[in-house]
Amino acid sequence: HHWTQTWTFLDGQWHEGNVPIMGVRTHASWLGTSVFDGARAFEGVTPDLDLHCLRVNRSALAMGLKPVVPVEKWIELAHAGVKRFAPGTALYIRPMYWAEFPGPRTVDADPESTRWCLSVYEAGMPDPARGAAVTLSPFRRPTIECAVTDAKAGALYPNNSRALVEAHGRGFDNAVLCDMLGNVAELATANIFLAKDGVAFTPAPNGTFLSGITRTRSIGLLREAGVEVVETALRWSDFRDADEVFTTGNYSKVAPITRVEARELQPGPVFRKARKLYWDFAHG
Ligand code: PMP
């Protein structure tokens with residue numbers, strides 16, 4: 001595998017490349033006790049970097065880890081990492097915590113052994129002209145009683161990974177996962193919106209999916225601009241009948257869905273408005 005250029009702040013210094021961070025007996029490498037976040041630098045801006053840094057600390061607490069890095073320190077390190085690349089390079093900024101040692105019962109983690117690093121790596125912005133095709137996944141999102149869904153935890157992602165692999169195998173770019181009640185939750189990599197008659201709809205947070213920072217930001221910007229946004233329970237049939245479907249997430253920001261199962265869709269006015277509002281905010 002070829003990794004794009006990567007810089008990581010670990011144990012007091014910057015390292016280049018895919019620097020090893022875990023041993024074979026590290027609790028996180030064996031039992032998945034890691035949390036992370038993802039922010040972006042692109043076109044010279046880092047929108048909502050502070051919120052991503054705040055969230056990784058909240059995720060650590062939810063996972064039973066110790067958020068030992070103050071938010072201001074994360075932000076400072078992120079900017080220092082960005083400066084290691086040519087100005088304007090599109091980058092992904094990834095703070096991360098994990099448990100090094102087990103606790104007294106082995107499967108439990110020792111919060112006092114929390115370690116952390118921050119990586120910054122090259123990641124080009126996806127072309128919005130290339131819309132994505134999505135399908136309904138046979139896999140579902142767990143509830144808060146079944147998994148640490150209030151953390152952006154690495155251990156939640158194997159479920160999304162198998163949903164993506166299964167969808168790719170059927171010729172789709174991404175998978176829509178429902179919660180256990182059969183309401184649409186999110187995509188495997190982003191939050192989901194639809195538009196019908198000029199009104200935007202998106203699943204109401206119910207503890208089964210990440211209520212994304214880009215999602216919350218986009219809802220606020222759309223409402224300020226006078227677009228009605230309804231957060232409610234949505235069924236898969238609502239997406240199949242929608243005028244527009246689009247996604248929000250730190251990686252692609254606001255991106256169009258151009259096929260839902262066999263049905264072709266065009267990027268529409270609500271999507272275009274949401275994307276422009278986000279870009280204006282980011283540069284604002
Ligand atoms: N859902 C999942 C599963 C994600 O991985 C992401 C990307 N972090 C999102 C939603 C979008 O969240 P955010 O806007 O905070 O990046």
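Sequence positions are assigned chain by chain, starting from 1 and proceeding in written order. Where local features are concerned, this predicted model is filtered to residues with pLDDT of at least 70; where side-chain atom pairs are given and counted, the filter is 80 or more; whole-chain, interface and lining totals use all residues.

Asks: Honestly, the site of the ligand in this entry has me stumped. Any pointers?
Replies: Whether a residue is near a molecule or strand depends on its C-beta atom, placed from the backbone, lying within 6 Å of it. By nearness alone, 14 residues border the ligand, and Gly 212, Ile 213, Thr 214, Gly 249 and Asn 250 come closest of all. Elements supplying a minimum of two residues to the shell around the ligand: helix H5 (213-224) and strand E13 (244-249). Counting from the N terminus, the helices are the DSSP runs of H or I reaching at least four residues and the strands are the DSSP runs of E reaching at least two. Ranked by residue count, the leading element in the shell around the ligand is H5, at three residues. Three classes are used: nonpolar for Ala, Val, Leu, Ile, Met, Phe, Trp, Tyr, Cys and Pro, charged for Asp, Glu, Lys and Arg, and polar for all others, with Gly counted as polar. Class assignment for the residues of the shell around the ligand results in three nonpolar, nine polar and two charged.

Asks: Whenever I open this one, the domain arrangement of the chain confuses me. Can you help?
Replies: A common way to express how large an interface is: the accessible area buried when the components associate. Assigned domains within the chain: domain 1 (6-122) and domain 2 (132-283). Either an automatic procedure or a domain database provided the assignment from which the domain bounds are taken. Computed from C-alpha atoms alone, the centre-to-centre distance between domain 1 and domain 2 is 25 Å. Residue pairs are scored as contacts if the distance between their C-beta atoms, which are placed from the backbone, is within 7 Å. In this complex, domain 1 contributes 17 residues to the contact, which on the side of domain 2 involves 14 residues. Counting residues per element, the ones that place at least two in the side of domain 1 that touches domain 2 are strand E3 (34-36), strand E4 (39-41) and helix H2 (49-62). Sort the elements by how many residues they give to the side of domain 1 that touches domain 2 and H2 lands first, with five residues. Its residues assigned to classes, the side of domain 1 that touches domain 2 shows eight nonpolar, five polar and four charged.

Asks: Looking at this structure, I do not really get the pairing of strand E6 (residues 114-122). What am I missing?
Replies: Put simply, side chains in a regular strand alternate between the two faces of the sheet. DSSP-based pairing: two strands are paired if at least 2 bridges between them are found. Here strand E1 (residues 6-10) runs beside E6; their pairing, made up of five bridges, is antiparallel. Each residue of the ladder has a partner; that of Thr 8, found in E6, is Ser 119. Of the pairings in the sheet, the one linking strand E5 (residues 91-99) to E6 comprises nine bridges and is antiparallel in character. Across the sheet, the residue bridging to Trp 98 is Arg 115, located in E6.

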